[in-house]
Amino acid sequence: DGRILNRYEIKINNKSSKLKRYQLSVDGLKDAVLELGQKNPLQVDPESSSVVLAKVVSRNPDHTKTRTYITFVLQDVTDSTQPALKKISVFSLPRR
């Protein structure tokens, strides 16, 4: 069907003494769908970490490129005064 899927392992650390909920999203790829296999916002216990296995699916990739830079955005929804954390990564496409 022409879709391209890339998998990512994302580690989220909660260094606070309170339960945190984070909304994870992806930017930079047209028509991209983020699949987490769990509820989003993500819940991370106090003073612990969580590993998220994320899939980014492109339904209409630009086949003129072999890679596209994407940005994962993690927003703390329990404290909206905190700025979103952003991490740049690469979405790879097969060579044609």
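The following refers to the structure shown. (Residues numbered from 1 in each chain as written. Predicted model: local features only at pLDDT ≥ 70, side-chain atom pairs only at ≥ 80, totals over all residues. Heavy atoms only, no water.)

1. A closer look at the sheet that holds strand β7 (residues 85-92)
Line of reasoning, step 1. Ordered in space as β4-β2-β6-β7, the four strands form an open sheet in which the pairing is antiparallel. The open sheet has two free edges, formed respectively by β4 (42-44) and β7, since each of these has just one partner strand. On average, adjacent strands in this sheet sit at an angle of 30° to one another, irrespective of strand direction.
Line of reasoning, step 2. In this sheet, β7 lies alongside strand β6 (residues 67-76) in antiparallel orientation, the contact comprising eight bridges. The partner of T71 across the bridge, within β7, is I88. (Pairing = 2+ DSSP bridges. Helix = DSSP H or I, 4+ residues; strand = E, 2+ residues; numbered from the N terminus. Axes fitted to C-alpha atoms, helices over the stretch in contact; angles between N-to-C directions.)

2. Notes on the nonpolar core
Line of reasoning, step 1. With 19 residues, the main nonpolar core has I10, I12, L24, V56, I70, F72 and F91 as its most contacted residues.
Line of reasoning, step 2. Secondary-structure elements contributing two or more residues to this core are β1 (4-14), β2 (20-27), β4, β5 (48-58) and β6.
Line of reasoning, step 3. Those residues in contact with F91 that lie beyond four places of it in its chain are I4, N6, Y8, L29, V56, S58, T66, R67, T68 and I70. (Core = buried A, V, L, I, M, F, W, Y, C linked by side-chain atoms within 4.5 Å. Buried < 20%, exposed > 50% of the residue type's maximum accessible area, 1.4 Å probe, protein only. Contact = heavy atoms within 4.5 Å.)

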